[in-house]
Amino acid sequence: MELEKENFPKHIAIIMDGNRRWAKQRNLPTKLGHKEGAKTLEKIVRYANKIGLEYITVYAFSTENWKRPVTEVSFIMELLSRYLTSEIEEFNRNNVQVRFMGSREGLPEVVKQKMDHAVEATKNNTGIILNLAINYGGQAEILQAIQRIAADTEKGLLKVEDIQAETFENYLYTAGLPAPDLLIRPGGDNRISNFMLWQIAYAEIWTTDAYWPAFTPEMFLQAIKEYQGRERRFGGLVTK
């Protein structure tokens, strides 16, 4: 399947959904679904880097995921810690730069340490940027940005008339990153689940019934190919 170079997305966001249901469908423990999901992420990041994608943001753990059973949350945090340890060498070998977005509040200390190490160890890599959304919620991100803008305005660092869309974006977790061109959601649901509410305003959306552990590079390629066949109007008209 050939891809058009002139209409290639720069930034793809993924809601990695369906780990639990994948495991349940196979009468397996939930933790095995999360383990397979981590393996899928490795494959997709490697493939995305290979085909020249510049940015990929993945929804790894939401602010709402704390509501899940304590044992499951603990396992996810342990898995995340292991992933950030075992993949550093692979990231550097493939020139992947790692970043994070979300609140660090409530995260285990070991996870925060591994996050800091991953950022430091890969900061000079010039390939794809892997942006991991951990303890992230789109509404919380927007509220936090408003609070920071209000504080800076109160201090006289910012004038009300200077608050434009570009200004606001500089207060988001994704400051400096382009907005996603394409949002991919496996798992069969057709909702955005509080993910990058500001940033995906004009992103194209591609969904599949396949659960995340069953998501393949071929599906990733299909999503990009369908994206390339769409007309992005950004609220205006297409001019020929």
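This text follows the structure it describes.
First, a word on what this report is: a plain description of the structure on this page. Treat the numbers as computed from the prediction; the structure is a model and nothing was measured. (Residues numbered from 1 in each chain as written. Predicted model: local features only at pLDDT ≥ 70, side-chain atom pairs only at ≥ 80, totals over all residues. Heavy atoms only, no water.)

**So, helix α8 (residues 217-228)**
Now for step 1: Between its first and last C-alpha atoms α8 spans 17 Å; for 12 residues at 1.5 Å apiece the expected length is 16 Å, and the two agree.
Now for step 2: Among all positions of α8, only Pro-217, Phe-220, Leu-221, Ala-223, Ile-224, Tyr-227 and Gln-228 are buried. Angularly, the buried residues of α8 cover 155° about the axis, an arc narrow enough to put them on a single face.
Now for step 3: Of the surrounding elements, those touching the buried residues of α8 are β1 (11-15), α2 (30-50), β2 (55-62), β5 (182-185) and β6 (204-207). (Helix = DSSP H or I, 4+ residues; strand = E, 2+ residues; numbered from the N terminus. Expected span 1.5 Å × (residues − 1). Buried < 20%, exposed > 50% of the residue type's maximum accessible area, 1.4 Å probe, protein only. Arc of directions from axis to C-beta. Contact = heavy atoms within 4.5 Å.)

**Observations concerning the nonpolar core**
Now for step 1: Judged by nonpolar contacts, the single largest core of 41 residues is most densely connected at Ile-14, Ile-56, Leu-130, Leu-132, Ile-184 and Phe-220.
Now for step 2: If one sorts the elements of this core by residue count, helix α3 (residues 70-86) sits on top with 6 residues.
Now for step 3: In contact with Leu-130, other than residues within four places in its own chain, are Val-45, Ile-56, Val-58, Tyr-83, Phe-91, Val-96, Gln-97, Val-98 and Arg-99. (Core = buried A, V, L, I, M, F, W, Y, C linked by side-chain atoms within 4.5 Å.)

**A word on the packing of α3 against helix α5 (residues 109-122)**
Now for step 1: The interhelical angle for the contact between α3 and α5, taken along N-to-C directions, is 25°, at an axis separation of 9 Å. Relative to α5, α3 is oriented roughly parallel. α3 and α5 meet at a crossing whose hand is left-handed. Residues Met-77, Leu-80, Ser-81, Leu-84 and Thr-85 of α3 form the contact with α5, whose participating residues are Val-110, Val-111, Lys-114, Met-115 and Ala-118.
Now for step 2: Of the residues belonging to the contact of α3 with α5, the class tally is 7 nonpolar, 2 polar and 1 charged. (Axes fitted to C-alpha atoms, helices over the stretch in contact; angles between N-to-C directions. Parallel < 35°, antiparallel > 145°, perpendicular 65-115°, else oblique. Left-handed = near helix turned anticlockwise from the far one by under 90°. Nonpolar A, V, L, I, M, F, W, Y, C, P; charged D, E, K, R; others polar.)

**Description of the sheet that holds β5**
Now for step 1: Across the sheet, which stays open at both edges, the 6 strands sit in the order β3-β4-β2-β1-β5-β6 with parallel pairing between neighbours. The sheet terminates laterally at β3 (97-101) and β6, the two strands that pair on one side only. Strand-to-strand twist in this sheet, taken as the mean axis angle between neighbours without regard to direction, amounts to 20°.
Now for step 2: Docked against the sheet, α2 engages β1, β2 and β4 (129-136), running at close to 165° with respect to β2. (Pairing = 2+ DSSP bridges.)

**Examining the side chain of Asn-135**
Now for step 1: Position of Asn-135 among the secondary structure elements: in strand β4.
Now for step 2: In terms of polar contacts, Asn-135 uses its side chain to reach the side chain of Trp-66, at 2.7 Å.
Now for step 3: Here Asn-135 is in contact with Phe-61, Ser-62, Thr-63, Trp-66, Gly-102, Ser-103, Arg-104, Glu-105 and Leu-107, once residues within four sequence places are set aside. (Polar contact = N/O pair within 3.5 Å; in protein donor to acceptor, adjacent residues only side chain to side chain.)

**Focus: the pattern of salt bridges**
Now for step 1: One pass over the full model with this rule turns up 17 salt bridges.
Now for step 2: In this structure, Arg-46 and Glu-90 form a salt bridge, with 3.0 Å as the shortest nitrogen-oxygen distance. Here the residue Arg-46 occupies a position in helix α2, and Glu-90 occupies one in helix α4 (residues 88-93), the gap between them amounting to 44 residues.
Now for step 3: A salt bridge links Asp-189 to Arg-185; its shortest N-O distance comes to 3.8 Å. Here Asp-189 and Arg-185 have matching classes, each one buried.
Now for step 4: Put simply, Asp-17, Arg-21, Arg-185, Asp-189 and Arg-191 are held in one network by salt bridges that share partners. (Salt bridge = Lys/Arg side-chain N within 4 Å of Asp/Glu carboxyl O.)

**Digging into the packing of α2 against α8**
Now for step 1: The N-to-C vectors of α2 and α8 enclose an angle of 50°; their axes lie 9 Å apart at closest approach. The angle between α2 and α8 falls in the class oblique. For the crossing formed where α2 meets α8, the hand is right-handed. Facing α2, whose interface residues are Ile-44, Tyr-47 and Ala-48, α8 presents Pro-217, Phe-220 and Leu-221.
Now for step 2: Considered class by class, the residues forming the contact of α2 with α8 number 6 nonpolar, no polar and no charged.

**Quick word on the environment of Phe-195**
Now for step 1: Position of Phe-195 among the secondary structure elements: in the loop between β5 and β6.
Now for step 2: Judged by its relative accessible area of 0%, Phe-195 falls in the buried class.
Now for step 3: In sequence terms Phe-195 and Arg-46 are 149 residues apart; their C-alpha atoms lie 23 Å from each other.
Now for step 4: In contact with Phe-195, other than residues within four places in its own chain, are Ala-13, Ile-14, Ile-15, Thr-57, Val-58, Tyr-59, Met-101, Ala-133, Tyr-136, Leu-183 and Ile-200.

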